Amino acid sequence: GAGVSQSPRYKVAKRGQDVALRCDPISGHVSLFWYQQALGQGPEFLTYFQNEAQLDKSGLPSDRFFAERPEGSVSTLKIQRTQQEDSAVYLCASSLGQGTRNEQYFGPGTRLTVT
Amino acid sequence: AQTVTQSQPEMSVQEAETVTLSCTYDTSESDYYLFWYKQPPSRQMILVIRQEAYKQQNATENRFSVNFQKAAKSFSLKISDSQLGDAAMYFCAYRDTGTNAGKSTFGDGTTLTVKP
């Protein structure tokens, strides 16, 4: 079946603009994760959903970052009033169940450039 | 907080030879999972191998194997018979089994070059 998809693949935003990044997880996957990957670094955890419930948002860097998954499938990561330091690749991952054992499948990412 | 350190930003290997990528981590937990992921230039992260901390036996997946030293908090990846398609960035990752189950902590990666 189809893997995790993300859109857009590339986004250029002017500083101060709002952006919305979309993640379509693998059908039936309960858990969904967002990570931020700065250039030359490893991914850093942002937030985690189990179905529609956001169980952990400890990694969101500021209140300008907001994520939702209203129907327990597609998720949107929204960044308000973008800043240059928000430039990064945003990765989405999904897994079949909750918990550590389940493999996380990653999407191709959205590369956000803030000018 | 857990941390993961990959001390080799870049490594290279001759095709058909063996290379070992290093990873150390810090945690106060006794039960957890460790992973190696491969990220080719296209950016899709792919799981290479997984190790459960309570298992003493080192995980193997075909040409990929790990050397897991729990007391030393070390988790290295060995790639045997390296192939051109192995060229990628490799990330070591740690995952709790407790309340933060699912949340992964990654190292900063090692870029592997395979020379023909």
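Scroll up to find the structure.
Attention here is on the structure that accompanies the text. (Residues numbered from 1 in each chain as written. Chains lettered and ligands numbered in written order. Predicted model: local features only at pLDDT ≥ 70, side-chain atom pairs only at ≥ 80, totals over all residues. Heavy atoms only, no water.)

## Here we look at the interface of chain A and chain B
Turning to step 1, where the next piece is worked out: Each partner contributes to the interface: chain A provides 25 residues, whereas chain B provides 24 residues.
Turning to step 2, where the next piece is worked out: The junction of chain A with chain B conceals about 1,900 Å² of combined surface from both sides, 47% of it contributed by carbon and sulfur atoms.
Turning to step 3, where the next piece is worked out: Our count for the chain A to chain B interface comes out at zero salt bridges.
Turning to step 4, where the next piece is worked out: Every element with two or more residues in the side of chain A that touches chain B is listed here: β4 (31–37), β5 (44–50) and β9 (88–95) of chain A. (Contact = heavy atoms within 4.5 Å. Buried area = accessible area lost by both parts, 1.4 Å probe. Salt bridge = Lys/Arg side-chain N within 4 Å of Asp/Glu carboxyl O. Helix = DSSP H or I, 4+ residues; strand = E, 2+ residues; numbered from the N terminus.)

## A few points about the nonpolar core
Residues and elements named next belong to chain B.
Turning to step 1, where the next piece is worked out: Within the largest apolar cluster, 25 residues are counted, with the highest numbers of intra-cluster contacts made by Y25, W36, F75, L77 and Y90.
Turning to step 2, where the next piece is worked out: At the level of elements, β3 (19–21), β5 (32–39), β6 (46–52), β8 (64–69), β9 (74–79), β10 (88–96) and β12 (110–115) are the ones that each hand at least two residues to this core.
Turning to step 3, where the next piece is worked out: Broken down by element, this core gets its largest block of residues, four residues, from β10. (Core = buried A, V, L, I, M, F, W, Y, C linked by side-chain atoms within 4.5 Å. Buried < 20%, exposed > 50% of the residue type's maximum accessible area, 1.4 Å probe, protein only.)

## Things to note about the state of the cysteines
Turning to step 1, where the next piece is worked out: Across all of its chains, the model carries two disulfides over all chains by this definition.
Turning to step 2, where the next piece is worked out: A sulfur-sulfur distance of 1.9 Å marks the disulfide that ties A:C23 to A:C92. Every disulfide takes its handedness from the sign of the S-S torsion; for A:C23 and A:C92 that torsion is -65°, giving left-handed. You can see A:C23 sitting in strand β3 (residues 19–24) and its partner A:C92 sitting in strand β9, a full 69 residues away along the chain.
Turning to step 3, where the next piece is worked out: Residue pairing for B:C23: its cysteine sulfur links by disulfide to B:C92, the two sulfurs lying 2.0 Å apart. (Disulfide = S-S within 2.5 Å.)

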